[in-house]
Amino acid sequence: EEQMKIGIQRKLVCLTIDEKDEDGNPVLLNGFETIWRDNECLGLVRSSAFGHTIGKTIAYGYVDLSKSNTGAPKITNKWQIGDRDKKYDAIFHKGAPYLKQKGE
């Protein structure tokens, strides 16, 4: 009952990165990189891999909704993944990134 009163505090999000590193290779993540939404750090990457089917780096992580000032995750937010003093622009996906999303 207490959990029902408090509500959801964390949400699993899926992000992809289109950018390349300095050598022109896809950005590879190791885990525990920071997840940013609208310049606010909300969580950490927990799992990542290169998606050969879609040709992009895919990252999954939990964001802390209790720290957020902008509510639930949305595609329209500006998403980034921080890795070693650099932030990479990321795309938020409501579901699996290989599925077409509404508006694409």
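Basis of the calculations
- Residues numbered from 1 in each chain as written.
- Predicted model: local features only at pLDDT ≥ 70, side-chain atom pairs only at ≥ 80, totals over all residues.
- Heavy atoms only, no water.
- Helix = DSSP H or I, 4+ residues; strand = E, 2+ residues; numbered from the N terminus.
- Buried < 20%, exposed > 50% of the residue type's maximum accessible area, 1.4 Å probe, protein only.
- Contact = heavy atoms within 4.5 Å.
- Areas by Shrake-Rupley, 256 points an atom, 1.4 Å probe, with all protein chains shown as cover.
- Phe/Tyr/Trp six-rings, centres within 6.5 Å; stacked < 30°, edge-to-face > 60°.
- Lys NZ or Arg CZ within 6 Å of the ring centre and 35° of its normal.
- Patch = residues over 30% accessible without salt bridge, like charges linked within 9 Å, V, L, I, M, F, W, Y side chains within 5 Å.
- Salt bridge = Lys/Arg side-chain N within 4 Å of Asp/Glu carboxyl O.
- Core = buried A, V, L, I, M, F, W, Y, C linked by side-chain atoms within 4.5 Å.

Considering the overall build of the protein chain
Piece 1. Within the protein chain one finds 1 helix and 6 strands.
Piece 2. Taken from the N to the C terminus, the helices and strands of the protein chain come in the order α-β-β-β-β-β-β.
Piece 3. In the protein chain, which comprises 104 residues, the share counted as buried stands at 35%.
Piece 4. Look at the contacts in the protein chain between residues 6 or more apart in sequence, and 59% of them connect residues 24 or more apart.
Piece 5. Summing over all exposed atoms, the protein chain offers an accessible surface of approximately 6,900 Å²; the carbon and sulfur share of this is 51%.

Quick notes on the packing of aromatic side chains
Piece 1. The full count for this structure, using the stated rule, is 1 aromatic pair.
Piece 2. Pairing W79 with F92 gives two aromatic rings, centres 5.1 Å apart and planes at 15°, and the pair type is stacked. Highlighted residues: W79 in strand β5 (residues 79–83) and F92 in strand β6 (residues 86–93), separated in sequence by 13 residues. With respect to burial, W79 and F92 carry one shared label: buried.
Piece 3. Residue placement shows R10 over the ring face of Y62; its charged tip is 4.4 Å from the ring centre.
Piece 4. When the ring centre of W36 is taken as reference, the NZ or CZ atom of K87 above it lies at 3.5 Å.

Remarks on a nonpolar patch on the surface
Piece 1. On the surface, a nonpolar cluster with roughly 260 Å² of combined accessible area is contributed by L12, Y60 and Y62.
Piece 2. Take L12: it is sitting in strand β1 (residues 10–17).
Piece 3. L12 sits in the partly exposed class, given a relative accessible area of 45%.

A short note on the pattern of salt bridges
Piece 1. Enumeration according to the criterion identifies 2 salt bridges in this entry.
Piece 2. In this structure, K56 engages D18 in a salt bridge whose closest nitrogen and oxygen atoms are separated by 3.4 Å. Of this pair, K56 sits in strand β4 (residues 56–64) while D18 sits in the loop between β1 and β2 (34–37); the two residues are 38 residues apart in sequence, bridging distant segments of the chain.
Piece 3. When its relative accessible area of 41% is taken as the criterion, D18 is described as partly exposed.
Piece 4. Note that R84 and D83 form a salt bridge whose closest N and O atoms lie 3.0 Å from each other.

Digging into unusual backbone geometry
Piece 1. A positive phi angle is found at R84, which is not glycine, with a value near 50°.
Piece 2. One can find R84 in the loop between β5 and β6.
Piece 3. Even without a glycine there, the phi angle at D85 is positive, about 65°.

Notes on the nonpolar core
Piece 1. The biggest cluster of nonpolar side chains holds 15 residues, and the ones touching the most others in it are V13, L15, I17, I35, W79 and I81.
Piece 2. Going through the elements one at a time, β1, β3 (40–51), β4, β5 and β6 are the ones with two or more residues in this core.

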